[in-house]
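Reading the structure
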Amino acid sequence: MEIINLKIDNKPVVVKKGTTVLKAAESIGIDIPTLCHMKLDDLNIENKPGGCRVCVVEVKGRRNLAPACCTEATEGMEVSTHTMRVVNARRTVVELILSDHPADCLICAKSGNCELQDLATRLGIREIHYKGEQSTYREDTSPAIIREVNKCVMCRRCETMCNEVQTVGVLSAVNRGFNAVVAPAFEMNLDHSVCTYCGQCVAVCPTGALTEVDETGAVIRALSDPTKTVIVQTAPAVRAALGEEFGMPAGTLVTGKMAAALRRLGFDYVFDTDFAADLTIMEEGTELLGRLSAFMEGDKNVKLPILTSCCPAWVKFFEHQFPELKDIPSTARSPQQMFGSIAKTYFAGKLGVKREDLVVVSIMPCVAKKYESSREEFAVNGNPDVDYALTTRELAQLIKLANLDFRSLPDEDFDQPLGESTGAGVIFGTTGGVIEAAVRTAYEVFTGKSLPRLDFEELRGMDGLRKATIDFNGTPINIGIAHGLGNARKLLEEIQAGTSEFHAIEIMSCPGGCIGGGGQPYHHGNAEILKKRQKAIYAEDKNKKLRKSHENPYIKKLYEEFLGAPLSEKSHHLLHTQYFDRS
Amino acid sequence: MPKIKLAEKAVDLIREICTKFNNDEGELINVLHQVQSKLGYLPAEVQEVIARELNISVAKVYGVVTFYSFFTMLPKGQHPISVCMGTACYVRGAEQVLSEIKRQLSIEVGETTPDGRFSLSCLRCVGACGLAPVVMVGEKVYGRVSPQQVHKIIAEYKEGCAAEAKTA
Ligand code: SF4
Ligand code: SF4
Ligand code: SF4
Ligand code: FES
Ligand code: FES
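**A word on the overall build of chain B**
Helix and strand content of chain B: 7 helices and 4 strands. Each helix and strand of chain B, placed in order from N terminus to C terminus, yields the pattern α-α-α-α-β-α-α-β-β-β-α. Referenced to the eigenvectors of the C-alpha coordinate spread, the extents of chain B come out at roughly 50 × 40 × 25 Å. Split into buried and exposed, the 168 residues of chain B put 40% on the buried side.

Put into structure tokens, the structure is as follows:
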């Protein structure tokens, strides 16, 4: 490994060859402002078009300023990061960007979280010396994402996420010069494109050009309507990230405070999607075992591997891109939709409330869940099973609006019966978690034996593609895991080619799984945050008394009182679904 | 944008061109160039076929088509009019000439008249700066064009067509 010595702001630095000036400066605590650049370590995600020039620095002996994010450190280099010349150049660049940017920070969804706004503050911009034409593009609203193209600064991070990481290919830079923007083909609306609504473009957009559809207003109206019973479910990944919105360190678990906050917001019952995750395992696990036993008995028509189906962006992805494989994923609905379905039948019945008067709200780390809840098959006579799906960020917004001092709230429990969950339900929030939960239950049902261990380290981690073989008492079960749709694509191509070695595959669209979902607090390019959230999820699992879905007493009760058995006719009707060819 | 259904023949032609370039995405610009020279323009449906053949996203193809003003998504008129917007032409009044053409034909740059007779585009320096401002109709070059002359130039082609129609 070659070593490079250089000086940044007169401080000596030693770095590996190939390191950029930006990283070298960072290593000694010098923070050079950036806009277009983004690098998510460990996930192999990088966007460095070198286009914005916000990161320019002075290099001794060079006439022009150099962009730090894409200039390699070289031996003996002398770099100045904050001379007058540099600062003026940065200010000019930012002023030019602002001269073609709508100045509506006061009412922008991204205000307070916007990297452009931060830059303007940091550089002390008080006046824009360049008056020019303002571009005007129409707004594009879809069931989950709003594109406000006027706010696009052409950093092209969204393109990197959509094309390279997700391989969906919806977004591309179009037109040139002043008219250049990032848009879907033929500037069609997202709604008409093959967009999966994974929201990874939203997660990395530095400005308010891409945001989720805001449903907080509708939820507030429902909460203040005395004729409605309003209940809420919270997805596993939310509790591992919500605290960040209130200044708590990444990886702080706030399960109890979140329940307390929801109760104070006026929800009549505070329930947990983890309960529905346990239910998903009962259905999906049974389906897996059914297919496996048929396969072992020599049934040639059985479809293997079975693919998980909890992630709506992944579902939309294969419906568009691999419609011929639509019989392979499990037919089990996602936990969000199972919850909605059970809430508006079983629970509404228990309360004696009509389904129209029961409003189901979910809190999700996810943007695609908004789209999922709007799919027609998840409604009865036009009344959706899940009325509103808010992101983690939207929940934080509600809590701030209600003036709750989140950090000093007491820890409270979820309500029953739809609030009890096991550790298996919790780990649905991270890549590898759904399949580990399935293994814990399937193993015991299949072998009739109690598991000798509960932690399957071989299924955990952050690598984009992972595989492991689990010994089901003499029967080896091959498991594949992919997060990020580009990784999923590789596994699907193997299946298409008939070379897949797997019996079961877990797929989550977002890097890291739902902990890295498009609706989570912004990580601003710091991938460490995802790892801390993942750790928190596994810690929550460890803390649970029950860690296997089939041991959840309320799940047992639900089958006894209402559903009968997994894959019963009623279960099929309420908890399973079908997929469509959208190619 | 009106959806058109591509003729089997056109699809085969596009495939052929893509194969000639080994379906290599790095050759996208050349593929687009050749397809446009055969079909005259690159409507959405054509871009979709190209994207499929080269195994890239339609958005990317569309991005390249909209980046280069040479490519067009609309069929060219019988008489494509191009106005040079190079520096010399610009300072000698090309913009006024352009707006006069737009006004008389009621179309914008990149559009075609509803009767399909004229289309309008802008070019960068065509290398005849001595004649600035320069307008081209098809292959024919008009130099030192003033807004007042626009009517006459256009009329030439209207009549030309009428005459052709008579003889036909
Ligand atoms: S939501 Fe996902 S699929 Fe849709 S445009 Fe954004 S990154 Fe692409
Ligand atoms: S939409 Fe956002 S992420 Fe995409 S290029 Fe524009 S500013 Fe960057
Ligand atoms: S991985 Fe999770 S957060 Fe991301 S799209 Fe899928 S369900 Fe939503
Ligand atoms: S951050 Fe370096 S060029 Fe944009
Ligand atoms: S600028 Fe028009 S011909 Fe050169």
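**A few points about the sheet that holds strand β5 (residues 56–59) of chain A**
All names here are of chain A. With mixed pairing, the 5 strands of this open sheet are ordered in space as β2-β1-β7-β5-β6. Edge positions in the sheet fall to β2 (11–16) and β6 (66–67), since each has one partner strand and no second. Bridge count for strand β1 (residues 3–8) against strand β7 (residues 78–80) is 2 bridges, and the pairing is parallel. Considered in β7, the bridge of K7 is made with E78. Along the sheet, helix α2 (residues 84–99) makes contact with β5 and β7, crossing β5 at roughly 155 degrees.

**Some words on the pairing of β1 of chain A**
Residues and elements named next belong to chain A. Every second residue of β1 is oriented toward a common face, the buried set being I4, L6 and I8 and the non-buried set I3, N5 and K7. With 6 bridges connecting them, β1 and β2 associate as antiparallel partners. Within β2, the position partnered with K7 by the bridge is P12. Between β1 and β2, which pair antiparallel and follow one another directly, the connecting turn spans 2 residues, one of which, D9, has a positive phi of 50 degrees.

**Details of the site of ligand 1**
Within the structure, ligand 1 sits among I145, C162, V168, L171, C195, T196, Y197, C198, G199 and C201 of chain A. Classifying every residue of the shell around ligand 1 gives 8 nonpolar, 2 polar and no charged.

**Structural notes on the domain arrangement of chain B**
By domain assignment, chain B separates into domain 1 (8–67) and domain 2 (79–167). Distance between the C-alpha centres of domain 1 of chain B and domain 2 of chain B: 29 Å.

**Topic: helix α10 (residues 335–351) of chain A**
Residue and element names in this part refer to chain A. Considering bend angle alone, the principal kink of α10 is centred on A343 and spans about 40 degrees. For α10, the tally of buried residues reaches 13 of 17 residues, placing the bulk of the element in the interior. Looking one or two residues beyond α10, the residue adopting positive phi is G352, at roughly 70 degrees.

**Some thoughts on a nonpolar patch on the surface**
Residue and element names in this part refer to chain B. Taken together, the side chains of I29, F67, Y68 and F70 define a hydrophobic patch exposed on the protein surface, amounting to about 360 Å² of accessible area. In this fold, F70 is placed in the loop between α4 (58–67) and β1 (79–84). Judged by its relative accessible area of 47%, F70 falls in the partly exposed class.

**So, the domain arrangement of chain A**
All names here are of chain A. For chain A, the domain assignment lists domain 1 (3–122), domain 2 (140–212) and domain 3 (227–583). Averaged C-alpha coordinates put domain 1 and domain 3 at centres separated by 39 Å. A combined buried area of about 810 Å² lies between domain 1 and domain 3, and 63% of that area is made up of carbon and sulfur atoms. Its largest share of buried area at the contact with domain 3, domain 1 owes to D42, L43 and N113, together 52% of the area lost on that side. On the surface where domain 1 and domain 3 come into contact, there are 0 salt bridges. There are 2 residue pairs in polar contact (both at pLDDT 80 or more) connecting domain 1 and domain 3. Of the residues contributing to the side of domain 1 that touches domain 3, the split by class is 3 nonpolar, 1 polar and 5 charged.

**Examining the interface of chain B and chain A**
With 15 residues of chain B in contact, the opposing surface of chain A contributes 13 residues. For chain B, the biggest contributors to the area lost against chain A are A59, Y62 and F67 of chain B; these three give 49% of the whole. For the pair chain B and chain A, the number of links is 0 salt bridges. Put simply, the parts of the chain that give the side of chain B that touches chain A at least two residues each are α3 (44–54) and α4 of chain B.

**Topic: the sheet that holds strand β14 (residues 269–272) of chain A**
All names here are of chain A. The 4 strands are arranged β14-β13-β16-β19 in an open sheet whose pairing can be described as parallel. Strands at the two margins of the open sheet, each flanked by one partner only, are β14 and β19 (388–391). Sheet twist, expressed as the mean angle between neighbouring strand axes with direction ignored, is 25 degrees. In this structure, strand β16 (residues 358–364) lies alongside β19, joined through 4 bridges in parallel fashion.

Conventions we followed
Residues numbered from 1 in each chain as written. Chains lettered and ligands numbered in written order. Predicted model: local features only at pLDDT ≥ 70, side-chain atom pairs only at ≥ 80, totals over all residues. Heavy atoms only, no water. Helix = DSSP H or I, 4+ residues; strand = E, 2+ residues; numbered from the N terminus. Buried < 20%, exposed > 50% of the residue type's maximum accessible area, 1.4 Å probe, protein only. Pairing = 2+ DSSP bridges. Contact = heavy atoms within 4.5 Å. Axes fitted to C-alpha atoms, helices over the stretch in contact; angles between N-to-C directions. Near = heavy atom within 4 Å. Nonpolar A, V, L, I, M, F, W, Y, C, P; charged D, E, K, R; others polar. Domains from an automatic or database assignment. Bend = angle between axes of the 7 residues up to and from the residue. Patch = residues over 30% accessible without salt bridge, like charges linked within 9 Å, V, L, I, M, F, W, Y side chains within 5 Å. Areas by Shrake-Rupley, 256 points an atom, 1.4 Å probe, with all protein chains shown as cover. Salt bridge = Lys/Arg side-chain N within 4 Å of Asp/Glu carboxyl O. Buried area = accessible area lost by both parts, 1.4 Å probe. Polar contact = N/O pair within 3.5 Å; in protein donor to acceptor, adjacent residues only side chain to side chain.

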